[in-house]
Amino acid sequence: MTTKPSDAPWADGPFPLIATPSKRPGLSNPGHFYVRAATGMTHAHNAIIRGLNAIVLQAPNVPSSSGKGYKPRDVKDLLSFVQSWIKMLNHHHSVEETYIFPEMAKLSGDPDLLEGPWHQHRLFQGGVDRLLAYTTATRPDEYRWAGGMREAIDSFSKHLTDHLYAEIGVFLGFRHLDSEGYKKVWIGAHAVASESGNLRQKLDMLYDVFPCVYGCSDRTYEGGHSFPMLHWTLPYLVNYWFAVGNGAWRFNPSDFWFDEVDVISATLLLILLKHASTGSAPYSGEEPWVKVGEITCESLKEL
């Protein structure tokens, strides 16, 4: 993790990030592909966790219509960010269920190899769907953290994070499988993750999912890494085209170059980038919504 220059909340909590497998001492047969696969899965899971942390840290401080400082655009952008995070989450698990799980089962010869993770998906998906329904149907003036979004998140967050932590252990247990075969499955999974879907889904990837993946990744984590492994031009396209004009991305915990920043810095950076790339006035709803010492989510106090 990079040295933090401020005391503002960062997205490495309240839900803890996962230690990088490739940096853990004592792994047997470290040259086997299982280490690389589990490491890549860890980076993806940590992006999901950072996004969830960014939501629960910031959403309580976005004023509702009855609160001081309420701005409909702020709420609209928050709801949009949550929807994009859900799209990222659902896309990740769709690739697992439609490709990774069945292909790993074929490789191992065991059709039940990943039954455990598959059933874990069922435990949290209903709550994720509930949150998506809330963010889709709620008008800005109807938004509430307590009595609305918080309860939807609380309905699945423990099941989700338990799964994200446990699944890394599952993949670390595949050291007995053929390394080259394992690598081929992973290459195929990257292709499916990047290219699957109809035109509408591809546009969602470019305008919603990729900005969320980039904005929830931290390339400095535990000494540095190269996740996400996408074409080098994509951060430029995201930053200067697909993300321009979308205020949702000020809720991202990182910039589009995967450098983690406190959310106050992230918000200001995004405003400046939009101003420089469009030549228009900076986005008016520019307040950062993590306020030190003002996290009000009661459920977080129990963690």
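Description of the structure in this document. (Residues numbered from 1 in each chain as written. Predicted model: local features only at pLDDT ≥ 70, side-chain atom pairs only at ≥ 80, totals over all residues. Heavy atoms only, no water.)

1. Description of the overall build of the chain
Here is step 1: A count of helical and extended segments in the chain gives 10 helices and 0 strands.
Here is step 2: Written out in order from the N terminus, the α and β elements of the chain read α-α-α-α-α-α-α-α-α-α.
Here is step 3: Counting only residues that meet the buried cut, the chain has 50% of its 303 residues in that class.
Here is step 4: For the chain, contacts bridging at least 24 residues in sequence account for 78% of all contacts bridging at least 6.
Here is step 5: Split by element, the accessible area of the chain, about 13,600 Å² in all, is 58% carbon and sulfur. (Helix = DSSP H or I, 4+ residues; strand = E, 2+ residues; numbered from the N terminus. Buried < 20%, exposed > 50% of the residue type's maximum accessible area, 1.4 Å probe, protein only. Contact = heavy atoms within 4.5 Å. Areas by Shrake-Rupley, 256 points an atom, 1.4 Å probe, with all protein chains shown as cover.)

2. Considering the packing of helix 3 (residues 115-137) against helix 4 (residues 145-154)
How two helices pack is summed up by the angle between their axes together with the distance between the axes.
Here is step 1: One can describe the packing of helix 3 onto helix 4 by two numbers: an axis separation of 8 Å at closest approach and a directional angle of 160 degrees. Considering their axes alone, helix 3 and helix 4 lie roughly antiparallel with respect to each other. Our pair here, helix 3 against helix 4, has a crossing hand that is left-handed. From helix 3, Gly127, Arg130, Leu131, Tyr134 and Thr135 reach across to helix 4, where they touch Gly148, Met149, Glu151, Ala152 and Ile153.
Here is step 2: Taken together, the residues of the contact of helix 3 with helix 4 sort by class into 5 nonpolar, 3 polar and 2 charged. (Axes fitted to C-alpha atoms, helices over the stretch in contact; angles between N-to-C directions. Parallel < 35°, antiparallel > 145°, perpendicular 65-115°, else oblique. Left-handed = near helix turned anticlockwise from the far one by under 90°. Nonpolar A, V, L, I, M, F, W, Y, C, P; charged D, E, K, R; others polar.)

3. Regarding the packing of aromatic side chains
Here is step 1: Counting across every chain of the model gives 8 aromatic pairs.
Here is step 2: Ring plane angle 75 degrees and centroid distance 5.5 Å describe the contact between Phe171 and Phe174, whose orientation is recorded as edge-to-face. Of the two residues, Phe171 and Phe174, both sit in the buried class.
Here is step 3: Here a set of aromatic residues connected by ring pairs shows up, and it is made of Phe33, Phe171, Phe174, Tyr182 and Trp186.
Here is step 4: The ring centre of Trp118 lies 4.1 Å from the NZ or CZ of Arg122, which sits over that ring. (Phe/Tyr/Trp six-rings, centres within 6.5 Å; stacked < 30°, edge-to-face > 60°. Lys NZ or Arg CZ within 6 Å of the ring centre and 35° of its normal.)

4. Some words on the side chain of Thr138
Here is step 1: Mapped onto the fold, Thr138 is located in the loop between helix 3 and helix 4.
Here is step 2: Relative accessible area serves as the criterion here: at 12%, Thr138 is assigned to the buried category.
Here is step 3: Here the side chain of Thr138 touches Tyr134 through a polar contact of 2.5 Å, landing on its backbone oxygen.
Here is step 4: If we ignore the near neighbours within four places in the chain, the residues touching Thr138 are Leu79 and Tyr143. (Polar contact = N/O pair within 3.5 Å; in protein donor to acceptor, adjacent residues only side chain to side chain.)

5. Let's talk about the state of the cysteines
Here is step 1: Overall, the coordinates contain 0 disulfides when judged by the stated rule.
Here is step 2: Cys212 forms no disulfide, and the closest cysteine sulfur to it belongs to Cys216, at a distance of 4.1 Å.
Here is step 3: Classification of Cys216 as buried rests on a relative accessible area of 0%. (Disulfide = S-S within 2.5 Å.)

6. Let's talk about the side chain of Asn252
Here is step 1: Note on placement: Asn252 falls in the loop between helix 8 (234-242) and helix 9 (263-278).
Here is step 2: On the basis of relative accessibility, which here comes to 1%, the residue Asn252 falls in the buried class.
Here is step 3: A distance of 3.3 Å separates the side chain of Asn252 from the backbone oxygen of Pro211, its partner in a polar contact.

7. Points about the nonpolar core
Here is step 1: By size, the foremost hydrophobic cluster in this structure holds 65 residues, and its most contacted members are Trp85, Ile100, Tyr143, Met149 and Phe171.
Here is step 2: Listed by contribution, the elements that provide at least two residues to this core are helix 1 (33-58), helix 2 (72-108), helix 3, helix 4, helix 5 (157-172), helix 6 (179-195) and helix 7 (199-215).
Here is step 3: Beyond its immediate sequence surroundings of up to four residues, Ile100 is in contact with Met41, Val95, Leu114, Phe171, Trp186 and Ala189. (Core = buried A, V, L, I, M, F, W, Y, C linked by side-chain atoms within 4.5 Å.)

8. Considering the pattern of salt bridges
Here is step 1: On inspection of all chains with the given rule, the structure shows 9 salt bridges.
Here is step 2: Between Asp74 and Arg250 there is a salt bridge whose closest N-O contact spans 2.7 Å. Highlighted residues: Asp74 in helix 2 and Arg250 in the loop between helix 8 and helix 9, separated in sequence by 176 residues.
Here is step 3: Of the residues examined, Asp74 reaches a relative accessible area of 1% and is grouped as buried.
Here is step 4: Residue Glu151 pairs with Arg150 through a salt bridge whose shortest N-O separation is 3.4 Å.
Here is step 5: Residue class for Glu151 comes out partly exposed when judged on its relative accessible area of 28%.
Here is step 6: Via salt bridges that share partners, Arg73, Asp74, Asp77 and Arg250 belong to a single interconnected network. (Salt bridge = Lys/Arg side-chain N within 4 Å of Asp/Glu carboxyl O.)

9. Digging into unusual backbone geometry
Here is step 1: The linkage connecting Gly13 with the following residue, Pro14, adopts the cis geometry, with an omega of 10 degrees.
Here is step 2: Following the sequence through the fold, Pro14 ends up in the segment before helix 1.

10. A short note on helix 3
Here is step 1: The terminal C-alpha atoms of helix 3 lie 33 Å apart, and with 23 residues this matches the ideal 33 Å at 1.5 Å per residue to within 8%.
Here is step 2: Of all the bends in helix 3, the greatest, near 35 degrees, is centred on Phe124.
Here is step 3: By the burial criterion, the buried members of helix 3 are Pro117, His121, Phe124, Gln125, Gly127, Val128, Leu131, Tyr134 and Thr135.
Here is step 4: Turning to helix 3, the residues buried within the fold contact helix 2, helix 4 and helix 5. (Expected span 1.5 Å × (residues − 1). Bend = angle between axes of the 7 residues up to and from the residue.)

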